[in-house]
Amino acid sequence: MKYIYPNHTAFRFFDSFPARPAGGFFPLNALKNKTITKAMVELFAFLKKKITFAKTLENLNGLGILVFFALLITNYNSSAQKKVLTYYLPDVQYDANIPTPEEVFGFQVGERHLTSDLIKIYLEKVAEKSDRIRLEYQSISHEKNPLVLLTITSKENHSRLEEIRQEHLKLTDPKISGSLNLDKMPAVVYQGYSIHGTESSGANASVLWVYYLAASQTKETEELLNETIILVDPYLNPDGLNRFASWVNMSRGDNNSADIQERGQARPWPSGRTNHYLFDMNRDWITTEHPESKGRIKTFHHWKPNFSTDHHEMGSSKTYFFQPGVPERVHPMTSESNQNITAKIGKFHAAELDKIGSLYYSGEGYDDFYYGKGSAYPDINGGIGILFEQASTGGPIKDTPNGSIDFEYSIRNQIKTSFSTVRGVKKYRKELLEYQRDFFKKAFHKGITDTDKAYVFQDKYDKGKLKLFIEMLQRHQVEVHKLSTDVKINGVNYQSKHSYIIPLKQKQYRFIKSSFTKMTSFTDTIFYDVSSWTLPIAYNIDYAPVKRNFSSNLVGKMVDVSTQFVSPKTPNQSEYAYLFRWDDYYAPKALTIFQKANVRAKVSTATFTINGKQFKEGTILVPIQNQVKDKEAIYKLVLKTQQESNIQMYGVSNGLTPVGIDLGSPSFKTLRNPKIALIVGKGMAAYDAGEVWYLFDKVYDKTIVKLDVQRLHIYDLNKYNTFVMTDGAYTTMNKTAIEKIKYSVENGATLIVTKKAVKWAKKNGLAYVTLKTAKKNDNTTLKYNDHDSDFRSMELKGTIFEANLDITHPIGFGYKSSRIPILRRGNVFLEPSKNPYASPLKYTNAPLISGYIRSENYDVIKNSASIIVSKFGKGKVISFADNPNFRMLWKGTTKLFANAVFFGNIIDSRTVEDKVSVSKSKTTKKPHSNSKN
């Protein structure tokens, strides 16, 4: 049935129109059963009772009434350029009890960019009315926006939904899956929309798709719902979606321009692509750092979908993409049958888009390699993942090489592939179920025949990080056990007290192998994302495969992290001082608690032994005397710190040590409380800045001030003693701002720069570094068609290297091994410093651990510096060639960054890079203050 829902006030009179099948709708097909004139006369009779100018209308004959009504309808549609419901959805019979989006919103989908709260309101209303839908809440975002999930299937399936789910999960159990009858088992489809908030056509399409599934009365819909369980995740990133929608809606007018220079197209930093903390949520599927991801992964494994879709947008110059992607860029653990089914269902997408004349492509541009993305994660978990990419309009409408495309067009394409997905799944339902059953059967068998029988891992010192590692693995259904007896592998003793074991004979064999294996050989050298993500290496945790020395006797009880990691012992109250080590992931959080309370703390730059315990460099000392708080208050603070950080505190009764420095030694340096300014804004890499913000705000519970780069010149920078500049160009920074930063550093502040910000610091005379450049080898045999792959293969997208760390240097405090793995993403290479002490972290001579690097880049990275410390006046400039906080996945190197913040100012000035010519130059004059109240 066709409907028009006029949003003009006059048309609200339809709310009591006798023939109305649902609130706010006028049934156009009613006109088919009567002459148009008669229908208009009936409408006229109704309007006479409602509007004040009825006397005027009484003078019109039937034709006049028809003209009058037609003009109103025409004016309504043309002035708003409104799309009717049938632009998006088939012209079929719909359940009048199910409200359309337009009825709830007061406008048609596409006329405005929907926010998550509007979508949620609509979906809740539909769920109340439909016996095909169950709505639940998966999690709550950082900005307290609920993430909803709709389970959509037939009424009959809903009546035994849990039974269906339990039966479906048996496909993952090789012991019983062979006995299952697949003839009538529904397939499970997961459809996720707009994980990047700026790619909002998917989220807007989801409400129309849900309406169709709830209200459509066709036989096809009944069959689809009988044979599938559809999980609709309507907005995967509500915080980013809302940020983007607010910008676009405030820029809208009645006559929107398609000009690409339109202000509404210029998304303000940081746009809405990311979540609240500026993370790319489509790279958080494995890391699962954020609440949105934790809820989503729980949903995924609660159902184990057969088929999952991930609706995105891409550059406006393109058309519409659906997988399969580049065949050579598929991870080797993804089977050929996976790609075959993907291609089969791809024909459904093509057919659906052909019907409406939409251009599309497949088999190029995108890969299926990194399992940490929404379209690839299902591939390593027994399902099939599909990426959709729609050319973005960036707003209401946009000029593109393919003509002007509007937001409604983008939404319609996303709806069409939502249809094609479920139709394809229905067609290949049994094949998908068989694929899933075989996936886990083969995985279990490979776990038996693999020469690696298990992985063992340990971290004796960092319990906080170890706990996070196990929790992350368990979110992915990996079975982690205690190591029951000691074992020695490759010369390393894995003690049962500190160690854990992951048997490969389990359902998640493929996920484990892909996450623990090192790769240095590839069929293709182009990567859409990282080329390696070996998880224990990312956490800098000792691990090894267990081969011939494996025995089932090594496998202890399954780990329960809630009971495995017990609280440390309560320390005795001290009259003298307290100590705690810097080994743990949460040590910076512990120090922050004391500094927030204005309690003075010191750090050891040498080792010592006291009360029979050895303490290394980086140990924190909290003396009792000469503090702003008395000993009782400090003891309470010690107990609070221990409880919140789960780090063992030690009370000591005197300062004399039998070995090493005494507690009153000058080798204990008094720490200042870092007042951190993170420079953000236009030209900055939002991801990198967000990682720093998140690390200090959520992990260390420490305030960090974000300063907009374009307003630095009017700010009072004397408030801060630590400045952080992450990857970015910084071309918009005012000259006055540059002078202010120089003045602050020259007078004792610490400046920390990462990646391309190192180039900025060098250019402005702050960082004394020498850049290395890789020169691409000339190859005269290449053809023009090779140029894209040739240039892209020079990009270092994410590769793991080994570096030597000076663990006696303040930057290396808290590390036990001098060899640590570094994730490199980017082509900033540094020559080692001339001062031998100023490069505390340098790559080895053969640094590649896992991932791809082109030979020209590899020659440059060997023996290069990863960190260089420079002197500028009284301050320090600490240059990171890499990003140590990468996606909060690389937890093994976040402490390097924390050390730069907390200990940067105590680095001995004799050990830093310093140019004599600069040191003898005139000091920076105090810049004129332009700060405003």
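Not measured: the values here are computed from a predicted model.

Q: Account for the pattern of salt bridges, naming residues and giving values.
A: Inspection of every chain in the model, using the stated rule, returns 41 salt bridges. Between Glu-220 and Arg-423 there is a salt bridge; the shortest N-O distance is 2.7 Å. Here Glu-220, found in helix α10 (residues 219-227), pairs with Arg-423, found in helix α14 (residues 407-427); they are 203 residues apart in sequence, far enough to count as distant. Given the relative accessible area of 18%, Arg-423 is considered buried. One salt bridge connects Glu-352 with Arg-423, and the closest N-O pair in it is separated by 2.9 Å. Separated by 71 residues along the polypeptide, Glu-352 in helix α13 (residues 336-355) and Arg-423 in helix α14 bring together distant segments of the chain. Salt bridges linked by common partners bring Glu-199, Arg-273, Asp-280, Arg-283, Asp-529 and Arg-887 together as one network.

Q: Can you tell me about the side chain of Lys-876, naming the residues and giving the values?
A: Mapped onto the fold, Lys-876 is located in strand β37 (residues 875-880). An unpaired buried charge is present at Lys-876: no salt bridge exists, and Asp-908, the closest side chain of opposite charge, is 7.5 Å distant. Residues contacting Lys-876, with those up to four places away along its chain left out, are Val-745, Ala-749, Thr-750, Leu-751, Val-869, Ser-870, Gly-904, Asn-905, Ile-907, Ser-909 and Val-912.

Q: Got a sec to walk through the sheet that holds strand β18 (residues 555-558)? Specific residues and values, please.
A: Read from one edge of the open sheet, five strands run β17-β12-β16-β13-β18, paired in antiparallel fashion. Each edge of the open sheet carries a strand with a single partner, namely β17 (542-546) and β18. Ignoring which end each strand starts from, the neighbouring axes of this sheet average 35 degrees apart. As defined by bridge partners, strand β13 (residues 481-483) adjoins strand β16 (residues 499-503) across two bridges and the pair is classed as antiparallel. Directly across from Lys-482, in β16, lies its bridge partner Tyr-500.

Q: Tell me what's going on with the environment of Lys-629, and back it up with residues and numbers.
A: As for its placement among the helices and strands, Lys-629 is situated in the loop between β23 (620-623) and α21 (631-645). In this structure the C-alpha to C-alpha distance between Lys-629 and Asn-598, which are 31 residues apart in sequence, comes to 8.5 Å. Those residues within four positions of Lys-629 in sequence are excluded, and the remaining contacts are Ala-597, Val-599 and Ile-634.

Q: With reference to specific residues and values, describe the pairing of β37.
A: Burial runs high along β37: six of the six residues are buried. With burial as the criterion, each face of β37 is covered, one bearing Gly-875, Val-877 and Ser-879 and the other bearing Lys-876, Ile-878 and Phe-880. Here strand β30 (residues 750-754) runs beside β37; their pairing, made up of five bridges, is parallel. Across the sheet, the residue bridging to Val-753 is Ser-879, located in β37. When strand β36 (residues 865-872) meets β37, the two strands line up antiparallel, connected through six bridges. Its bridge partner being in β37, Val-869 is matched across the sheet by Ile-878. Hairpin connection of β36 to β37: two residues between the antiparallel strands, including Gly-873 at a positive phi of 65 degrees.

Q: An account of the environment of Ser-337 is requested, with residue identities and associated values reported.
A: As for its placement among the helices and strands, Ser-337 is situated in helix α13. Distance from Ser-337 to Ile-384, taken between C-alpha atoms, is 9.9 Å for residues 47 residues apart in sequence.

Q: I'd like to hear about the sheet that holds strand β9 (residues 384-391), residue by residue, with values.
A: Here seven strands make up an open sheet; going across it, the order is β3-β4-β6-β5-β7-β9-β8 and the pairing mixed. In this open sheet, the two edge strands, each paired with only one partner strand, are β3 (133-140) and β8 (320-322). Direction aside, the axes of adjacent strands within the sheet are offset by 20 degrees on average. With eight bridges connecting them, strand β7 (residues 307-314) and β9 associate as parallel partners. Residue pairing across strands places Met-314 opposite Ala-391, the latter belonging to β9. Sitting on the sheet, helix α9 (residues 201-215) touches β3, β4 (146-152), β5 (187-193), β6 (228-233), β7 and β9, and the angle it makes with β5 is about 140 degrees.

Parameters at a glance
Residues numbered from 1 in each chain as written. Predicted model: local features only at pLDDT ≥ 70, side-chain atom pairs only at ≥ 80, totals over all residues. Heavy atoms only, no water. Salt bridge = Lys/Arg side-chain N within 4 Å of Asp/Glu carboxyl O. Helix = DSSP H or I, 4+ residues; strand = E, 2+ residues; numbered from the N terminus. Buried < 20%, exposed > 50% of the residue type's maximum accessible area, 1.4 Å probe, protein only. Lys, Arg positive; Asp, Glu negative; His and termini not counted. Contact = heavy atoms within 4.5 Å. Pairing = 2+ DSSP bridges. Axes fitted to C-alpha atoms, helices over the stretch in contact; angles between N-to-C directions.

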